[in-house]
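# Close look at the chain arrangement
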Amino acid sequence: MSYQKRTALALASGLAGAVVLMAAPAAHATVVDVNYQCKTPIGDKAAVSPIDIKSVKSGSSYKLTMSFQKGVSSSPVELGKGAMSPSAVIKVGGADPGQVQVAGAANSAAIPANSPIKISDLSGTYTPRKSGKVDFTAGVLTIKALGTTTTCTPSNNPGPSLSLDVKAGGSAPDANAALPKTGPLDSAVALGTLGGTVLLTGAAGVLWLTRRGQRATG
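Here's a quick rundown of the structure. (Residues numbered from 1 in each chain as written. Predicted model: local features only at pLDDT ≥ 70, side-chain atom pairs only at ≥ 80, totals over all residues. Heavy atoms only, no water.)

## So, the overall build of the chain
In terms of regular secondary structure, the chain is built from 2 helices and 10 strands. Classification of the 218 residues of the chain by burial places 29% in the buried group. Put simply, 70% of the contacts in the chain that link residues at least 6 apart link residues at least 24 apart. For the chain, the exposed surface amounts to about 13,100 Å²; the carbon and sulfur share of it is 60%. (Helix = DSSP H or I, 4+ residues; strand = E, 2+ residues; numbered from the N terminus. Buried < 20%, exposed > 50% of the residue type's maximum accessible area, 1.4 Å probe, protein only. Contact = heavy atoms within 4.5 Å. Areas by Shrake-Rupley, 256 points an atom, 1.4 Å probe, with all protein chains shown as cover.)

## Some details on the environment of Leu146
By the secondary structure assignment, Leu146 is in the loop between strand 8 (132-145) and strand 9 (148-154). Not counting chain neighbours up to four residues away, the residues in contact with Leu146 comprise Val77, Glu78, Leu79 and Ala83.

## Let's talk about the layout of surface pockets
The space that makes up the second largest pocket amounts to roughly 190 Å³. If you go around the second largest pocket, you meet 15 residues; those closest to its centre are Pro41, Ser74, Ser75, Pro76 and Thr148. The set of elements that each furnish at least two residues to the lining of the second largest pocket consists of strand 8 and strand 9. In terms of residue class, the lining of the second largest pocket is built from 9 nonpolar, 6 polar and no charged. (1 Å grid on protein atoms, 1.4 Å probe; cavity = no way out; pocket = protein on both sides within 12 Å on 5 of 7 lines; lining within 4 Å. Points joined across faces, edges and corners; volume = space filled by probe spheres on them. Nonpolar A, V, L, I, M, F, W, Y, C, P; charged D, E, K, R; others polar.)

What follows is the structure in structure tokens.
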């Protein structure tokens, strides 16, 4: 392989690596134990459940999914299939404070009496209004069943289950974004682009010379 080809491949690999590095979102997720104190129609109950919150970016928004690893609260009577529907609030802190409403499907199977109620995954959409680092923390859980409402409030001041660096869709563009930079990453991108231009120009030159030679001998 010629020196020019090896150089072009190296530059292309560096450019691809730089693009992947720049596109990788900064995120941190952890499972957090949440101590829920529940107000039920038959009195107060308590339960601890590890909570996991994940996100999937979709355009300028994020789909949040809140998962419960243990059952929360219970019912003195059996809850038939589809009798219970859960929802919750995810608190948003950091650069864009607020909250996100999440909800889940009704129970897909009957829940026996006096057994922990397994909460299905709850999901909702978060759209950043401001850019920066934000975190997501489990908030109040609401369980509706058989015409009653149970409210479960975290009592142990749980930490965030997810942290993200987000960018608001309506944010004004950074005036400095278009200015040339001299960092090593930007140099690699610039070299990769320059290398691609040289290769394209070289190919065009070879094609032009070939055609010119054919005309001269014809």
